[in-house]
Amino acid sequence: PLAPRCLLLAGSATGCVVLGLLGTAAHCQEATVPADPTVPPGVPEPAEPPFDWQLFWTFLRPQLLALSAAVMLALGAALLNVRIPVLLGQLVNVVAQCARGHIPTYLREVQRPALRLLAVYCLQGLLTFGYIALLARVGEQVAGNMRKALFTTLLRQDVAFFDATRTGQLVTRLTADIQEFKSSFKLAISQGLRSGTQTVGCFVSLYLLSPKLTGLLIVALPALVGAGAFIGAFLRSLSRQAQEQVAKATVVADEALGNVRTVRAFAMEEQQARLFCAEVDRSGQLSEQLGLGIAAFQGLSNLALNGIVLGTIFVGGSLMAGNELSPGDLMSFLVASQTVQRSLANISILMGQVVRGLSAGARVFELLTLEPLVPLRGGGFIPAHSLRGRICFHHVSFSYPTRPGYPVLQDFSLTLPPCQTVAIVGPSGGGKSTVAALLERFYEPTAGTITLDGQDIADLDPSWLRGQVIGFISQEPVLFATTIMENIRFGKPEASDAEVYEAARQANADGFIRSFPQGYDTVVGERGTALSGGQKQRIAIARALLKDPAVLILDEATSALDAQAERAVQEALDRAATGRTVLLIAHRLSTIRAANLIAVLARGRVAEAGTHEELLRRGGLYAKLIQQQ
Ligand SMILES: Nc1ncnc2c1ncn2[C@@H]1O[C@H](COP(=O)(O)OP(=O)(O)O)[C@@H](O)[C@H]1O
Ligand SMILES: [Mg+2]
């Protein structure tokens, strides 16, 4: 009567392992989440940075208490797991004895080992709850702190950094990479600790139960696990290929759907559909191959595991016949060896996950240690009462860091006298916006200096310069997805409501804002109320005026507007310009001619300068530009 019962139990244990391996296979599929969706397939990724353990430690240290508690609990749960097969064996021994005819004493005999096992199960459940809860906390805290630190660091970076890096990639670092790192970290602690302890512990129990059977297992297991890991790696690479193929198909679809007007205009629907079909077919083939591989893997692993069970019972049975082993010992042995197999399988999955997590973490830490060339703060101020707003460009040369060999400005010199308007005109791409960017200190000149009231702006506090001295209004105003009130207040966070209203009045915006049902509380931005270009621009002007800047940069502020909107904006700009130094970049004659000085930018330097009349009389570049309008 024992044998069927024993087999039944062994069978259920096998079921567990198969489930575990199903997990493994599912993992193979999932293991391929492309590390970086912004990197097109086929482009080799740059060399991986090394993992910065020291930096990681600074994030881990505040969580040390919770982490140690989690580790202790996890260790406890693992040790109990090691105990369970032995207790189970003892129970089976009692049951087996009773089954041989001592039925009257069954309840009394079985009570103690059964209760002991139940207590261990309960304790193990409790410990498991404890360490998973604690680890979740530690993981979220570390990941959250990493996210915050990374975001702050990214925002501090030079503008040139953002020229060279795609924002999609940065967002991936901020979200997917940190997520991946967090899960690997949690898994390494929970699963790693558990599987490691269980493997070692169960081997010890196995050895104590039966050195002979253990010897047999030691021969069989590594070979099986090795083969499993090998096939697993093969499947993973197959699934990575499949994933990349899916990404290729997605690119085709994305491009065609996103540019449907162009596709339609060239009647390319069928050709695009053919292209997509081909990519989908290829990805289908790869996925089918992968499915085949997983199926074979599953089948083989089931066979192997059941083979081990069968072999153990076979050999164990002969040991039992020779009275070297009790039925309970055999039971313990089966369960413990299953635990070992499960743990080893877990460890092999874990390895891959940890490698991926470490490289995700390394990518994040690499960004975290980045220091901007121009810090946000630090440097001198000019007290408000002595600030005049005289700007001089002295022989400034500049090329963008992303295009080092291509000079945009060469020996550019220009003076903006206080409270006057200086216009820069020139062909598109001539470097006008670059002049404004240098004044904002978005970039550092390659040579030459820019001074404010005689002081090199490189010695002044950049935040003060941008936040309080310079107001910048560009062609495409950017509003944030919040209320108009908050959007204007962006210019000066501590401004009162009255100041905001006044700035809006100055910017010709108060009227239309109050005509909205929600007035200043109207939410704008991508999901909010759609504003016209002219309205957006006037809000942007109010935002710039709120900080009452001594210097105002207008970079083609009205060029995206229609004639009527332009009038309202121009009126606001004229009012805004009085009493300030204005750098006016424009291409419309109407806006330029009133400037105190007009500088024509050609080949990176000021080719000619003067008033509208002077330059017209001269009949040079400016005259030609005006003629073209
Ligand atoms: N962020 C940038 N990185 C690299 N090159 C740039 C960048 N911005 C502008 N350029 C290049 O610098 C030149 C001047 O650009 P810009 O100052 O915007 O001209 P403008 O405002 O006169 O039309 C152009 O050739 C442009 O391609
Ligand atoms: Mg420009």
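Calculation notes
- Residues numbered from 1 in each chain as written.
- Chains lettered and ligands numbered in written order.
- Predicted model: local features only at pLDDT ≥ 70, side-chain atom pairs only at ≥ 80, totals over all residues.
- Heavy atoms only, no water.
- Helix = DSSP H or I, 4+ residues; strand = E, 2+ residues; numbered from the N terminus.
- Rg over C-alpha atoms; globule rule 2.2 N^0.38 Å.
- Contact = heavy atoms within 4.5 Å.
- Lys, Arg positive; Asp, Glu negative; His and termini not counted.
- Charge placed at Lys NZ, Arg CZ, Asp CG, Glu CD.
- Axes fitted to C-alpha atoms, helices over the stretch in contact; angles between N-to-C directions.
- Parallel < 35°, antiparallel > 145°, perpendicular 65-115°, else oblique.
- Left-handed = near helix turned anticlockwise from the far one by under 90°.
- Nonpolar A, V, L, I, M, F, W, Y, C, P; charged D, E, K, R; others polar.
- Pairing = 2+ DSSP bridges.
- Polar contact = N/O pair within 3.5 Å; in protein donor to acceptor, adjacent residues only side chain to side chain.
- Phe/Tyr/Trp six-rings, centres within 6.5 Å; stacked < 30°, edge-to-face > 60°.
- Buried < 20%, exposed > 50% of the residue type's maximum accessible area, 1.4 Å probe, protein only.
- Domains from an automatic or database assignment.
- Buried area = accessible area lost by both parts, 1.4 Å probe.
- Near = heavy atom within 4 Å.
- Areas by Shrake-Rupley, 256 points an atom, 1.4 Å probe, with all protein chains shown as cover.
- Patch = residues over 30% accessible without salt bridge, like charges linked within 9 Å, V, L, I, M, F, W, Y side chains within 5 Å.
- Salt bridge = Lys/Arg side-chain N within 4 Å of Asp/Glu carboxyl O.
- UniProt positions renumbered as here; feature names shortened; annotations may be inferred.
- Expected span 1.5 Å × (residues − 1).

A.B. asks: Lay out the overall build of the protein in plain terms, naming residues and giving numbers.
C.D. replies: Helices and strands together make up the secondary structure of the protein, namely 20 helices and 10 strands. Taking 629 residues into account, the globule formula puts the C-alpha radius of gyration at 25 Å, and the protein, at 36 Å, lies well above it. The dimensions of the protein, computed from C-alpha atoms along their principal axes, are 120 × 60 × 50 Å. Summarising the internal contacts of the protein: among those between residues at least 6 apart in sequence, 78% fall at separations of at least 24. Across the protein, the mean location of the 53 positive side-chain charges is 6 Å away from that of the 49 negative side-chain charges.

A.B. asks: Give me the lowdown on the packing of helix H9 (residues 269-321) against helix H10 (residues 327-368), citing residues and values where you can.
C.D. replies: Viewed as axis vectors pointing N to C, H9 and H10 meet at an angle of 155 degrees, and their least axial separation amounts to 10 Å. Between H9 and H10, the angle is such that the two are roughly antiparallel. In this structure, H9 crosses over H10, and the sense of that crossing is right-handed. Residues Leu305, Ile308, Val309, Thr312, Ile313, Gly316 and Met320 of H9 lie in contact with H10, whose contacting residues are Pro327, Leu330, Phe333, Leu334, Gln338 and Gln341. Taken together, the residues that form the contact of H9 with H10 break down as nine nonpolar, four polar and no charged.

A.B. asks: Explain the sheet that holds strand S2 (residues 407-416) to me, using residue names and the numbers behind them.
C.D. replies: On the basis of which strands lie adjacent, the open sheet formed by four strands has the order S2-S1-S4-S5 and antiparallel pairing. Each edge of the sheet is formed by a strand with only one pairing partner; in this case those strands are S2 and strand S5 (455-456). Across six bridges, the pairing between strand S1 (residues 391-399) and S2 is antiparallel. Bridge assignment links Ile391 to a residue of S2, and that residue is Leu416. Each of S1, S2 and strand S4 (447-452) is contacted by helix H11 (residues 432-439), which is oriented at about 115 degrees to S1, the strand it contacts most.

A.B. asks: Describe in detail the side chain of Gln157, supporting the description with residues and values.
C.D. replies: Relative to the elements of secondary structure, Gln157 occurs in the loop between helix H4 (106-156) and helix H5 (159-164). Side-chain polar atoms of Gln157 contact the backbone oxygen of Thr153, separated by 3.0 Å.

A.B. asks: Residues and numbers for the packing of aromatic side chains, please.
C.D. replies: Here the structure, examined in full by the defined rule, presents 19 aromatic pairs. A centroid spacing of 5.7 Å and a plane angle of 85 degrees characterise the contact between Phe56 and Phe185, whose relative ring orientation is edge-to-face. A residue pair is termed long-range when its members are at least 10 positions apart, and Phe56 in helix H2 (residues 53-60) and Phe185 in helix H6 (residues 167-209) qualify at 129 residues. Judged by its relative accessible area of 11%, Phe185 falls in the buried class. Ring plane angle 75 degrees and centroid distance 5.7 Å describe the contact between Phe381 and Trp464, whose orientation is recorded as edge-to-face. Highlighted residues: Phe381 in the loop between H10 and S1 and Trp464 in helix H12 (residues 462-469), separated in sequence by 83 residues.

A.B. asks: I'd love a proper account of the domain arrangement of the protein, names of residues and values included.
C.D. replies: When its domains are assigned, the protein resolves into domain 1 (49-368) and domain 2 (384-628). Between domain 1 and domain 2, the C-alpha centre-to-centre distance is 57 Å. Taken together, the contact between domain 1 and domain 2 spans four residues of the former and five residues of the latter. Both sides of the domain 1 and domain 2 interface together cover about 360 Å² of buried area, and 68% of this is carbon and sulfur. A per-residue breakdown of the area domain 1 buries against domain 2 is headed by Val159, Ala160 and Asp163, which together make up 90% of the total. Looking at the side of domain 1 that touches domain 2 residue by residue, the class counts come to three nonpolar, no polar and one charged.

A.B. asks: For the site of ligand 1, give the residues involved together with the corresponding values.
C.D. replies: In the region of ligand 1, 15 residues are neighbours, and Gly429, Gly431, Lys432, Ser433 and Thr434 sit closest. Lys432 has a polar backbone atom sitting 2.8 Å from an oxygen atom of ligand 1. Protein burial of ligand 1: of its 550 Å² of free accessible surface, 73% is covered by the chains. With three residues, H11 is the single largest residue contributor to the shell around ligand 1. Per-class residue counts for the shell around ligand 1 are five nonpolar, seven polar and three charged.

A.B. asks: Any chance you could break down the sheet that holds strand S10 (residues 605-610) for me, citing the residues and the numbers?
C.D. replies: Sheet architecture is open: six strands sit in the order S6-S7-S8-S3-S9-S10, paired in mixed fashion. Each edge of the open sheet is held by one strand with a lone partner, namely strand S6 (470-473) and S10. The average undirected angle you get between the axes of adjacent strands in this sheet is 20 degrees. Alignment of S6 against strand S7 (residues 551-555), held across four bridges, turns out to be parallel. Following the sheet pairing, Ile473 is matched in S7 by Leu554.

A.B. asks: Tell me about a nonpolar patch on the surface, and please be specific about residues and values.
C.D. replies: Together, Val200, Val204, Tyr207 and Leu208 give the surface a local cluster of nonpolar side chains, amounting to about 450 Å² of exposed area. Residue placement: Val200 occurs in helix H6. On the accessibility criterion, Val200 (56% relative accessible area) is exposed.

A.B. asks: Any details on the UniProt feature "transmembrane region" (unreviewed entry) in the protein? Residues and values, ideally.
C.D. replies: Cross-referencing UniProt, the feature "transmembrane region" (unreviewed entry) maps to residues 64-82, 117-136 and 213-235 in the present numbering. Across residues 117-136 one finds 100% helix and 0% strand; the C-alpha atoms that close the span lie 28 Å apart.

A.B. asks: Mind laying out helix H17 (residues 563-577), listing which residues take part and the relevant values?
C.D. replies: The first and last C-alpha atoms of H17 sit 20 Å apart over 15 residues, in line with the 21 Å expected at 1.5 Å per residue. Every buried residue of H17 is listed here: Ala565, Glu566, Ala568, Val569, Gln570, Ala572, Leu573, Ala576 and Ala577. Tucked inside the fold, the buried residues of H17 contact S6, helix H14 (497-506), helix H16 (533-546), S7, strand S8 (581-585) and helix H18 (589-592). Gly579 sits one or two positions beyond H17 and adopts a positive phi of about 80 degrees.

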